[in-house]
Amino acid sequence: MTNNVKTGEDFRALLRSLIGRFEDPGTDVPELDDILLRWADSLPDRAPEPGWPGLADQLLGALNAPSAGPAEPAPLGGRRPVASSGELRALLRGLAADYARDRAWRVDRQARGQWAGDGGGWASASLTGFLESWEAWLGARLGRAQVFSGVQPIEPVTWASVAMQLGAARVYE
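Residues numbered from 1 in each chain as written. Predicted model: local features only at pLDDT ≥ 70, side-chain atom pairs only at ≥ 80, totals over all residues. Heavy atoms only, no water.

1. A few points about the packing of aromatic side chains
As a reminder, the rule being used: The pairing test for Phe, Tyr and Trp rings, Trp by its six-membered ring, is centres within 6.5 Å, and the orientation test on the planes gives stacked under 30 degrees, edge-to-face over 60, and tilted for anything in between. Each helix corresponds to a stretch of at least 4 residues labelled H or I by DSSP, and each strand to a stretch of at least 2 residues labelled E; elements are numbered beginning at the N terminus. Buried, partly exposed and exposed residues are distinguished by accessible area as a fraction of the type maximum, computed with a 1.4 Å probe on protein chains only: under 20%, between the cut-offs, and over 50%, respectively.
Taken as a whole and assessed by the stated rule, the structure comprises six aromatic pairs. Here W39 and W134 contribute two aromatic rings whose centre-to-centre distance is 6.3 Å and whose plane-to-plane angle is 20°, an arrangement assigned as stacked. Here the residue W39 occupies a position in helix 2 (residues 32–42), and W134 occupies one in helix 5 (residues 127–141), the gap between them amounting to 95 residues. Per residue, the accessibility class of W39 equals that of W134, and both read buried. Taken together, the ring pairs connect F11, W39, W52, Y99, W122, F130 and W134 into an aromatic cluster.

2. Structural notes on the environment of R106
Looking at where R106 falls in the secondary structure, it is placed in helix 4 (residues 85–111). Residue R106 is classed as buried on the basis of its relative accessible area of 12%. R106 sits 88 residues away from L18 along the chain, and the two C-alpha atoms are 25 Å apart.

3. Description of the packing of helix 3 (residues 51–64) against helix 5
The criterion, for reference: Here the axes come from fitting lines to C-alpha atoms, over the contacting stretch only for helices, and the angles between their N-to-C directions go from 0 to 180 degrees. Put simply, angles under 35 degrees are roughly parallel, angles over 145 are roughly antiparallel, angles from 65 to 115 are roughly perpendicular, and the rest are oblique. Note on definitions: a residue-residue contact is assigned when non-hydrogen atoms from the two residues lie within 4.5 Å. Residues are sorted three ways: Asp, Glu, Lys and Arg are charged, Ala, Val, Leu, Ile, Met, Phe, Trp, Tyr, Cys and Pro are nonpolar, and all the rest, Gly among them, are polar.
As a packed pair, helix 3 and helix 5 sit with axes 14 Å apart at the nearest point and diverge in direction by 170°. Regarding the angle of helix 3 to helix 5, the classification is roughly antiparallel. Taken together, the residues of helix 5 that come into contact with helix 3 (itself represented by W52, L55, L59 and L63) are L127, L131, W134 and L138. Grouping the amino acids of the contact of helix 3 with helix 5 by side-chain chemistry returns eight nonpolar, no polar and no charged.

Okay, here's the thing in structure tokens:
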């Protein structure tokens, strides 16, 4: 499937197909923190810059890997530049822990009978919502001129631009 992913638009199409796959009734949809941990566990220490095909391979590899289980809730912590697969692995683990913290916060609010709809640091409370946000954010960014100086471009796809995409999908609605 990733042989067809050569551009950002191809990657968006892959995200849309994954969203469709997880929206089918009866489909077992893993938790987002589990996928992020699977992705972190499957990244080689010294991988070349991913490019769109490599990013697709990484995402599909994480989706097809055995469950890593839920992450332990923890705040995301400070953001550092991501320039290697090892640094992306650390970011993925941090995102998984932050998502678990956010999920625990929502569950606690619901248990108390309080509304938790717009709270927390994650715009999406599910893997499908996260993939939808990622795809929509890419649609808004691909092929557009860079507006702000100092903002990492998303192409070519580097470790830093993957980190930026994940961070944006975390909050994009």
